[in-house]
Amino acid sequence: MFAELASLESGSFWFRARNQLLVWALRRHSPDLRSFLEIGCGTGFVLDGIAQAFPGARIAGSEILSAGLPFAARRMASADLFQMDARRVPFDTEFDVIGAFDVLEHIEEDESVLSEIHRALVAGGAAIFTVPQHQWLWSSIDEHACHVRRYRTGELREKLIRSGFQVELETSFVSLLLPMMLASRLSRKDVPEQDANAEMRLPRILNQLLLGVMAVERGLIKSGIRFPIGGSRLVVARKIS
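Note that this is a predicted model, so its numbers are computed, not measured. (Residues numbered from 1 in each chain as written. Predicted model: local features only at pLDDT ≥ 70, side-chain atom pairs only at ≥ 80, totals over all residues. Heavy atoms only, no water.)

K.L.:
If you had to explain the overall build of the protein chain to someone new, which residues and values would you point to?
P.N.:
Helices and strands together make up the secondary structure of the protein chain, namely nine helices and seven strands. Radius of gyration (C-alpha) of the protein chain: 17 Å, near the 18 Å computed for a compact globule of 241 residues. Looking at the 241 residues of the protein chain, the share that counts as buried comes to 58%. Taking the contacts inside the protein chain whose residues are at least 6 apart along the sequence as the reference set, 77% of them involve residues at least 24 apart. When the accessible area of the protein chain is evaluated, it comes to approximately 10,600 Å², of which 56% is carbon and sulfur surface. Separation of charge centres in the protein chain, based on 28 positive and 29 negative side chains, amounts to 5 Å. (Helix = DSSP H or I, 4+ residues; strand = E, 2+ residues; numbered from the N terminus. Rg over C-alpha atoms; globule rule 2.2 N^0.38 Å. Buried < 20%, exposed > 50% of the residue type's maximum accessible area, 1.4 Å probe, protein only. Contact = heavy atoms within 4.5 Å. Areas by Shrake-Rupley, 256 points an atom, 1.4 Å probe, with all protein chains shown as cover. Lys, Arg positive; Asp, Glu negative; His and termini not counted. Charge placed at Lys NZ, Arg CZ, Asp CG, Glu CD.)

Now the structure itself:
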């Protein structure tokens, strides 16, 4: 699983565009970031992007599956990497920013994770998340990826507020590509055992085209447009209590 993911990420429009959006959001909401923890760091692709954007920051990554950590270590030799269950974070007031990117949808007790993140942040620290969105996009790809939910609009915001956060940024993304994504999911809806990475293996020209569409979308988000629907949701929240 991790070996294939590591081979796909650097070339995939999806992973590249998500990294670019995350770096923009972090620069906007935590420009003086000094310490960052990623929960569910996988092969370290996001950690590497954030380390490049914030070269002076202390970077840490956790993964519940220890098999992913050697891949992350090869990418991020300078990062502090460790195995951790997100429902039991062993830190108090430790990090300026904590992120979880396409992680919460795998965990039944997502509000417990949010409470643990809240405790591990410094006063006024920020949390940043991406999650898959819209239950009507559910397909066998979600089942193969062991998702327990796709978030409805506003669901993550409500859970963050209950956990002591104030939401500063919330938008859908993969919005301009939503018709294509919906068509892809509908075509696979009744096909069992779909590979969770199937949508990432694209011809090079199509991959570059989709990367360009995502760049346009990111530009619109940077200009202040907030998309109400889309395949994924980005949320940035601040610890206030």
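K.L.:
Could you give an account of the environment of A6, with specific residues and numbers?
P.N.:
With respect to the helices, strands and loops of the structure, A6 is situated in helix α1 (residues 2–9). Distance from A6 to G44, taken between C-alpha atoms, is 8.6 Å for residues 38 residues apart in sequence. Residues within four places of A6 in sequence aside, it is in contact with T43, F71 and R75.

K.L.:
I'd like a description of the pairing of strand β3 (residues 80–83), backed by residues and values.
P.N.:
Within a regular strand, the side chains alternate between the two sheet faces. The pairing of strand β2 (residues 58–63) with β3 spans four bridges and is parallel. By the bridge assignment for β3, E63 is matched with Q83. Running through helix α4 (residues 69–75), the crossover from β2 to the neighbouring parallel element β3 is right-handed. (Pairing = 2+ DSSP bridges. Right-handed = clockwise from strand over helix to strand, strands pointing away.)

K.L.:
Explain the nonpolar core to me, and be specific about the residues and the numbers.
P.N.:
In terms of nonpolar packing, the biggest core is built from 47 residues, with F36, I59, I128, F173 and L234 touching the most fellow members. A per-element tally of this core places helix α2 (residues 13–29) first, with ten residues. Setting aside anything within four residues of it in sequence, one finds L234 in contact with L21, L22, A25, I128, F129, T130, L169, E170, T171 and F173. (Core = buried A, V, L, I, M, F, W, Y, C linked by side-chain atoms within 4.5 Å.)

K.L.:
Which residues make up the packing of α2 against helix α3 (residues 45–53), and what values go with them?
P.N.:
Running from N to C, α2 and α3 cross one another at 40°; their axes reach a closest spacing of 10 Å. By the angle between their directions, the pair α2 and α3 is classed as oblique. Regarding α2 and α3, the two cross each other, and that crossing is right-handed. Here α2 contributes F15, R16, R18, N19, L22, V23, L26 and R27 to the contact with α3, which in turn contributes F45, V46, G49, I50 and A53. (Axes fitted to C-alpha atoms, helices over the stretch in contact; angles between N-to-C directions. Parallel < 35°, antiparallel > 145°, perpendicular 65-115°, else oblique. Left-handed = near helix turned anticlockwise from the far one by under 90°.)

K.L.:
Quick rundown of the packing of aromatic side chains? Include the residues and the values.
P.N.:
Evaluated as defined, the whole model comprises five aromatic pairs. Summarising the aromatic geometry, the rings of W14 and F173 are spaced 5.9 Å apart at their centres and angled 0° between planes, so their arrangement reads as stacked. Within this pair, whereas W14 is found in helix α2, its partner F173 is found in strand β6 (residues 165–173), the two being separated by 159 residues in sequence. Cluster of aromatic residues (ring-pair linked, three or more members): W14, F15, F45 and F173. Taking NZ or CZ as reference, R74 lies 4.8 Å from the ring centre of F71, over its face. (Phe/Tyr/Trp six-rings, centres within 6.5 Å; stacked < 30°, edge-to-face > 60°. Lys NZ or Arg CZ within 6 Å of the ring centre and 35° of its normal.)

K.L.:
Any details on unusual backbone geometry? Residues and values, ideally.
P.N.:
Although it is not a glycine, D102 sits at a positive phi angle of roughly 55°. Within the secondary structure, D102 is located in the loop between β4 (95–101) and α5 (110–120). Of note in the backbone geometry, H134 takes a positive phi value of approximately 75° without being a glycine. With respect to the helices and strands, H134 occurs in the loop between β5 (121–132) and α6 (140–144).

So far we have only geometry, and geometry alone does not tell us how the molecule works.
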